[in-house]
Amino acid sequence: MALLSGGSGHGYELKQAIEHEFGALLPELNSGQIYSTLARLERDGLVEGEAVADDNRGKKVYRLTERGREVLRDWLGVPVPGARLKDGFFVKFVVATSVGLADPTDLIERQRDEYLQSLRDLDAGLASAPHGPTAELLVEGAVLHLKADLEWLDLIEERLAVGRSA
Amino acid sequence: MSVLLEARGLTRTYDSGAAPVPALAGVDLTIERGEFVAVMGPSGCGKSTLLNLLAGLDRPSAGEVWLDGSRVDRLSETALARLRRRRLGFVFQFFNLLPMLTVSENVELPLLLAGKRRRPARRTARRMLEELGIGDKADAAPGQLSGGQQQRVALARALANQPDLVIGDEPTGNLDSASAGEVLGLLRTAHARGQTLLVATHDARVAAAADRVVTLRDGRVTRDRHLEASRPVTLPFDPDPA
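All values derive from a computational prediction rather than experimental measurement. (Residues numbered from 1 in each chain as written. Chains lettered and ligands numbered in written order. Predicted model: local features only at pLDDT ≥ 70, side-chain atom pairs only at ≥ 80, totals over all residues. Heavy atoms only, no water.)

### A short note on the overall build of chain A
Inclusion rule: Secondary structure counts use DSSP, requiring at least four H or I residues in a row for a helix and at least two E residues in a row for a strand, with both numbered from the N terminus. Both definitions apply: the radius of gyration is a C-alpha atom measure, and the globule rule equals 2.2 Å times residues to the power 0.38. Here the term buried applies to any residue with accessible area under 20% of the maximum for its type, exposed to any over 50%, and partly exposed to those in between, with areas from a 1.4 Å probe on protein chains only. It only takes one pair of heavy atoms within 4.5 Å for two residues to be counted as in contact. Accessible surface is estimated by sampling points in the Shrake-Rupley manner with a 1.4 Å probe; for residues, cover comes only from the protein chains shown. Positive charge is attributed to Lys and Arg, negative charge to Asp and Glu, and no charge count is given to His or to the chain ends. The location of each charge is read from NZ of Lys, CZ of Arg, CG of Asp or CD of Glu.
When its secondary structure is counted, chain A shows six helices and three strands. For chain A, the sequential pattern of α-helices and β-strands runs β-α-α-β-β-α-α-α-α. Relative to the globule expectation of 15 Å for 166 residues, the C-alpha radius of gyration of chain A, 23 Å, shows a markedly less compact shape. Expressed as lengths along the three principal axes of its C-alpha atoms, the size of chain A is roughly 75 × 35 × 25 Å. By residue count, 34% of the 166 residues in chain A fall in the buried class. Taking the contacts inside chain A whose residues are at least 6 apart along the sequence as the reference set, 56% of them involve residues at least 24 apart. Here chain A displays about 10,400 Å² of accessible surface, and carbon together with sulfur accounts for 57% of that area. Of the side chains in chain A, 19 bear a positive and 28 a negative charge, and the two mean positions are spaced by 4 Å.

### A short note on the pairing of strand S1 (residues 3-14) of chain B
Residue and element names in this part refer to chain B. Going by this rule: DSSP-based pairing: two strands are paired if at least 2 bridges between them are found.
As judged from the nine bridges shared by S1 and strand S2 (residues 21-32), these two strands associate in the antiparallel manner. Each bridged residue has a counterpart across the sheet, and for Leu5 the counterpart in S2 is Ile31. Where S1 folds back on S2, the antiparallel hairpin that results is connected by six residues, among which Gly17 adopts a positive phi of roughly 75°. The pairing of S1 with strand S4 (residues 62-67) spans five bridges and is antiparallel. Looking at the pairing, Thr11 lines up with Ala62 of S4.

### Some thoughts on the sheet that holds strand S5 (residues 70-71) of chain B
All names here are of chain B. What counts is decided by this rule: Axis lines are fitted to C-alpha atoms, over the contacting stretch for helices. Their N-to-C directions set the angle, which ranges from 0 to 180 degrees.
Judged by pairing direction, the sheet is antiparallel, and its four strands sit side by side in the order S2-S1-S4-S5 without closing on themselves. Every other strand in the sheet has two partners, leaving S2 and S5 as the edge strands with one partner each. Taken strand by strand, helix H1 (residues 47-54) contacts S1, S2 and S4, and its axis lies near 125° from that of S1.

### Some points on a nonpolar patch on the surface
Here is the rule we go by: Each patch is built from residues that are more than 30% exposed by relative accessible area and take part in no salt bridge. Like charges join if they lie within 9 Å; nonpolar side chains (Val, Leu, Ile, Met, Phe, Trp, Tyr) join within 5 Å. The working definition used for a salt bridge is a side-chain nitrogen of Lys or Arg within 4 Å of a carboxyl oxygen of Asp or Glu.
Residues A:Val91, A:Val95, A:Val99 and A:Leu101 make up a contiguous nonpolar surface patch of about 390 Å² in total accessible area. Among the secondary structure elements, A:Val95 is positioned in helix H4 (residues 88-99).

### A short note on the side chain of B:Thr215
Residue and element names in this part refer to chain B. How we decide: Throughout this description, a polar contact denotes any pair of N or O atoms lying within 3.5 Å of each other; where both atoms belong to protein, one of them has to be capable of donating a hydrogen while the other can accept it, and for residues adjacent in sequence the pair is counted only when both atoms sit in side chains.
If you trace the backbone, Thr215 turns up in strand S9 (residues 212-217). At 3.0 Å, the side chain of Thr215 and the side chain of Arg225 are in polar contact. Sequence-distant contacts of Thr215, that is, excluding residues within four places in its chain, are made with Met40, Arg220, Val221, Thr222, Arg223 and Arg225.

### Remarks on the side chain of B:Thr172
All names here are of chain B. Mapped onto the secondary structure, Thr172 falls in the loop between strand S7 (165-169) and helix H6 (177-192). A polar side-chain atom of Thr172 sits 3.1 Å from a polar atom in the side chain of Asp203. The contact partners of Thr172, leaving out residues within four places of it in the chain, are Ala180, Val183, Thr201, Asp203 and Val206.

### What about the environment of B:Ser146?
Residue and element names in this part refer to chain B. Turning to its location among the elements, Ser146 is positioned in the loop between helix H4 (118-131) and helix H5 (147-159). On the accessibility criterion, Ser146 (37% relative accessible area) is partly exposed. Residues Ser146 and Leu175, spaced 29 residues apart in sequence, show a C-alpha to C-alpha distance of 9.4 Å.

What follows is the structure in C-alpha cells.
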C-alpha cells in the first residue's frame, strides 16, 4: 500500500519495487503473493484496480482509495510494541531447569552457538549478496538484537552460577 | 593445514598475598596456519593472560608454548623480542601508535626492526596504507586521525612483516560501530588472504567472523566451537497490508 501511495502501479511493478528495496537478501518473491494481497485489499476497498485497456490478460493498474490512505496513515501512526516477553529459548530454558530434562548450561552453550552462527550468516549475506541500504539497515538491526541476545545468555549463565553457589 | 601455534597445559599463577590466584589453569589450544580464532569470555577470564603468554610477553608458571614446531616459552628475552618482531603482529584496543612518529613511520618501524632498508620499508608502508584506504594520511601524526583510522594504521603495522600470526586484543573495543565494521572488514580480508589471526574480543560480531570461537571462563577453556562457513540468509518477508 505504501508503494502505491505515491501513485499507481500493477502487480509486476510492485514486485520489482520490493525486489529493488530488499535485493537478493530476500527469497524469490512469489508473484501470486502480490496478486492475492492486491485482490484482498481490493475486496476490502483499500485499493482499486483498473483494467488496462489494451491488455487482454486481465492486467490491472492499482491505486489507493481514500479509505486505503486512511488505513495506511493509521497503521503508520501506531508505534510497534516495544517489550518482547516471548522468547523461544527462554521457554526451553525454564522447562529444562524446572523439569530437569536437559542441562541448562548445555542449552545456553548451544543457543550461543546458534546466535554466533546467525551473526556470521548475516554478515556473510551482506558481504556476498547484492543489496540496497534498506536491507543493510534491516541486517544491522538483526545484528544488534543478536548481540543483545548473546548478552542476555551471559546474564542467564551468571545468575545460574550464583544460584548454584548460593 | 599445519599447526602454527600450540599451547599445552598453559598455566599462569599470580602471587597475591596469601593464596596464589590462577589466572590461567591448564589451557590446551592448537591453532592451525590460516585459521581465524576468536577468544571470548567475561572480564577476568584469562583472555589477556593467554594472549600475553602466547605472544611471549609473559612466561607461564607451567605448561608449554610451541610456535611452528619449536618450543618458545623458554627462549631468552632477546630471542623472544626478536621472534615477536619478525613473526608476530599486534593490534591493541587503544591502537598504541607512537605519537612522535608519522603514520607512515609507525608502519615502517617493524620493517626497519626486521632488517629492511629505509626506502623499501617506506614503499611497503605506503602500499599498505593505500590498501587500507588511508594512503593520504601517510605524513599525518597519529593523533590527527580518528579512532577507526588509527586502528587501520595499527593493522597496517601489524601486517607489515607478513607475520605468521596477528594477535588482536579487543581491536574494536574502543571504536564506534561504523569504524568497528571497517576494522572487522580488514581483518576478514587479511584472513581471506591466508593470514592467521588470534583475536580476544567482547564483540560478538568480530567473534562471528572467526572460524573458531574459544570461550574462556575462570582460566579454562569451556567451549571451543567451529563455526560453519555460512548458511544462506533468507529474511522472512511477510507482505503486510502496506
